[in-house]
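Okay, here's what each chain looks like letter by letter:
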Amino acid sequence: MGNVVQRQTRGALRFQLFRKMAGLELLSDQGYRLDGRKATELRKFQARMGVFAQADGSAYLEQGNTKALAVVYGPHEVRGSRSRIRHDQAVINCQYSMATFSTAERKRRPHGDRKSTEMSLHLKQTFEAAVMTQLYPRSQIDIYVKILQSDGGNYSVCVNAATLAVIDAGIPMRDYVCACTVGFVDETPLADLCYAEEGGGVSSLALALLPRGGQIALLQMDARLHQDHLEALIEAAMTACKGVSKVLDQVVRQHLQEASVPSAE
Amino acid sequence: MKDTPLSNCERDFLLKAIEEKKRLDGRQTYDYRKMKITFGTDYGCCFVDLGKTRVMAQVSGELVAPKENRPNEGIMFFNIELSPMASPAFEQGRQSELSVKLNRQLERCLRNSKCIDTESLCVVSGEKVWQIRVDVHMLNHDGNLMDAASIAAITALCHFKRPDVGIQGDEVTVYSPEERDPIPLSIYHMPISVSFSFFQQGTYLLVDPCEREERVMDGLLMIAMNKHREICSIQSSGGIMLLKEQVMRCSKIASVKVSEITELISKALENDKRARKAGGRCGFAESMPQERITALKTDETSVEMTDASERANDIVENAEVPPQTVPSPVVPAPGVGQVGQGLQNTWGLEEEEEDGDEEEEEQKMEEEQDEKEDSREGDVVEISDSEEEEVVILHPETQDKSSKNAASSSNQKGGKTSKQREKK
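Residues numbered from 1 in each chain as written. Chains lettered and ligands numbered in written order. Predicted model: local features only at pLDDT ≥ 70, side-chain atom pairs only at ≥ 80, totals over all residues. Heavy atoms only, no water.

## Quick look at the interface of chain A and chain B
Then, number 1: Contacts between the two partners involve 38 residues from chain A and, on the opposite side, 42 residues from chain B.
Then, number 2: Between chain A and chain B, roughly 3700 Å² of surface is buried when both sides are summed, and carbon and sulfur atoms account for 53% of that area.
Then, number 3: Per-residue buried area on chain A facing chain B is highest for Arg-114, Arg-224 and Gln-227 of chain A; these three make up 21% of the total on that side.
Then, number 4: Between Arg-114 of chain A and Glu-107 of chain B there is a salt bridge; the shortest N-O distance is 2.9 Å.
Then, number 5: For the pair chain A and chain B, the number of links is 17 residue pairs in polar contact (both at pLDDT 80 or more).
Then, number 6: Among the secondary structure elements, those contributing two or more residues to the side of chain A that touches chain B are α1 (2-21), α2 (114-130), β9 (215-221), β10 (225-226) and α5 (227-264) of chain A.
Then, number 7: It is α2 of chain A that provides the largest number of residues to the side of chain A that touches chain B, a total of 9 residues.
Then, number 8: Residue classes in the side of chain A that touches chain B are distributed as 15 nonpolar, 11 polar and 12 charged.
Then, number 9: The sheet contact formed by β9 of chain A and strand β14 (residues 230-237) of chain B spans 2 bridges and is antiparallel. Bridging from a neighbouring strand, Gln-220 of chain A pairs with Gln-235 of chain B of β14 of chain B. (Contact = heavy atoms within 4.5 Å. Buried area = accessible area lost by both parts, 1.4 Å probe. Salt bridge = Lys/Arg side-chain N within 4 Å of Asp/Glu carboxyl O. Polar contact = N/O pair within 3.5 Å; in protein donor to acceptor, adjacent residues only side chain to side chain. Helix = DSSP H or I, 4+ residues; strand = E, 2+ residues; numbered from the N terminus. Nonpolar A, V, L, I, M, F, W, Y, C, P; charged D, E, K, R; others polar. Pairing = 2+ DSSP bridges.)

Rendered as structure tokens:
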């Protein structure tokens, strides 16, 4: 037991040393992060809704350097096996894929490996909780998301992009689903992690929130974190998600204004 | 084959029971099922029984070339196999959603939490490292596969010993266990997953759901922790809405459960170590006589007995006084004896039997009548026979008559002829 603790502290020391050596100081003494943000600051959002004419709803979202494209088809008749039909609600079908050029190393399989299957599953869960599926019994809603450039927070950017696309498709949701990834470094929660921070051995937590009711649609955490810090981290993630929801709301309102102006003329 | 769906009746019953804080097997809300950890004869083979859920984990190691981006780290590989043996709902050879979910969760629980020192698995940097493979097989599915799998995997990793290697120049020698003692893996901490299932939109919470409960639940929250109260992974699944307070409460429960389970695992490991050192029976040999490995053992079900005696008393007190029975036989009418309550018989069966008797009697009567009729028929037949005979006879008689007539006529003719002759 004592041996284990000693090993752990030694491991932690070695890791800190490694980080210093590699020049990766995730949070400077002045409280700035690698890309010059403050701890609770989000990355820059750039979004467009209705990017494709063919789809029922589509959106493009840039969150810092992570870029995602989301497309929604439906609600339509259930395709494929008829056994999937739910008599009381719509089936949500999600596919997550990463472009082969999205990462530093070229990806061999854009989708279908374990990680992306899992991601598809998580997206599906998130939207099953948020979309009012009971309004469309015996039908199906397809959500396709593609990462064009990956720079951390893939899951959260996908959720945010898909939310915009679902709104563009006019499918009713309980609330905006906003997702954010937060990390924990030197006793400080960092909001909206970028790739360097995610890879730097930070314990990261991804959270999808329906901000109005404070309900968590999905919660996922990797790496080690002491139980006592959990509350602070979830709190930080929820605050960040509320920030994201404000931005999304702004985007949607702006889009509606743009869309309604030509018809008024 | 698809799983047979749960009937509405059963679903309502389960949900109602959960509302009343009762569970099918008599557990409390936060109780785990009975857990049993056994080991195989080999190092790194472990069986975990969680109630009726049974899981086997086997760890194996081989020397391979390391990954390019991590030249001096060993490789960990996890695989959960859902064979159709465990449940008819599992299909062979297909990556189902459940299988992906379990595999990823196990990976996240054990690899991402860095519980194993992968650097110590390096033999020659950039050329040869140990690849540790953990295969988890589901043998019987009775819910909460994730917890059982995580316990089996980490226990098997703790139990596993890899062969020692020696390096002379460029040559790498792997020594057999007879030549040099095998070396255990260096494990920093033991992450253990604890599952919480939510019912009725998160109103009710259960720990360690069994298969039936898993079918009616709305969603699942899996928290992996170690005994130092460090959270190694959290994963929510199913379309539920959680509140922050619920997550915090679950994490507190998880920390208690994990410390209990860790203690159990270390005790099991210690027992096995002692048994091996003493040269006694260990592994399969130990588990053989009790369970025969493949046979399903039956545990006595723990039934909730907290208020049983009170309830029994209540029932006895509230019960109606049984009506007085007459012990002696009664003779209501001459030739009829009766034993019992002397009431009208309300047993439909006996009435039917009586009916049957009557019917039989009727049948007898009918038969008798039939016999009589038969006999009458016989008479009739005789009569008819006689009539027929008469009829039959009639014709000859007529014939006779005609012949007689003919004869008479002939006689007459003869008479005539005779007369004619006489006339002649």
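## Concerning the UniProt feature "domain: Exoribonuclease phosphorolytic" (unreviewed entry) in chain A
Then, number 1: Mapped onto this numbering, the UniProt entry gives "domain: Exoribonuclease phosphorolytic" (unreviewed entry) at residues 41-172 and 175-239 of chain A.
Then, number 2: In residues 41-172 of chain A, helix accounts for 24% and strand for 33%; the two terminal C-alpha atoms are 30 Å from one another. (UniProt positions renumbered as here; feature names shortened; annotations may be inferred.)

## Examining the pairing of strand β8 (residues 165-168) of chain B
All names here are of chain B.
Then, number 1: With 4 bridges connecting them, β8 and strand β9 (residues 171-174) associate as antiparallel partners. Paired with Gln-168 across the two strands is Glu-171, which belongs to β9.
Then, number 2: The hairpin turn running from β8 into β9, its antiparallel successor, is 2 residues long, and Gly-169 in that turn takes a positive phi close to 65 degrees.

## Side note on the nonpolar core
Then, number 1: Within the largest apolar cluster, 136 residues are counted, with the highest numbers of intra-cluster contacts made by Phe-127 of chain A together with Leu-157 and Phe-196 of chain B.
Then, number 2: A per-element tally of this core places α5 of chain A first, with 11 residues.
Then, number 3: Non-local contacts of Phe-127 of chain A, meaning those with residues more than four positions away in its chain, are made with Ile-92, Ile-143, Val-159, Ala-162, Thr-163, Val-166, Met-173 and Val-177 of chain A. (Core = buried A, V, L, I, M, F, W, Y, C linked by side-chain atoms within 4.5 Å. Buried < 20%, exposed > 50% of the residue type's maximum accessible area, 1.4 Å probe, protein only.)

## Some remarks on the confidence of the model for chain A
Then, number 1: Residues at a pLDDT of 70 or more form 89% of chain A, whose mean pLDDT is 86.
Then, number 2: Predicted confidence for residues 1-8 of chain A stays below pLDDT 50, and this span has 11 contacts to residues more than four positions away or in other chains. (pLDDT = per-residue confidence, 0-100.)

## Let's talk about the sheet that holds strand β1 (residues 45-49) of chain A
Residues and elements named next belong to chain A.
Then, number 1: Strand order in the open sheet made by the 5 strands is β1-β2-β3-β5-β4, with mixed pairing throughout. Among the strands making up the open sheet, the edge pair consists of β1 and β4 (91-98). Strand-to-strand twist of the sheet, defined as the mean angle between neighbouring strand axes without regard to direction, takes the value 15 degrees.
Then, number 2: Of the strands in this sheet, β4 and β5 (139-149) are in contact with α2, which crosses β4 at around 140 degrees. (Axes fitted to C-alpha atoms, helices over the stretch in contact; angles between N-to-C directions.)

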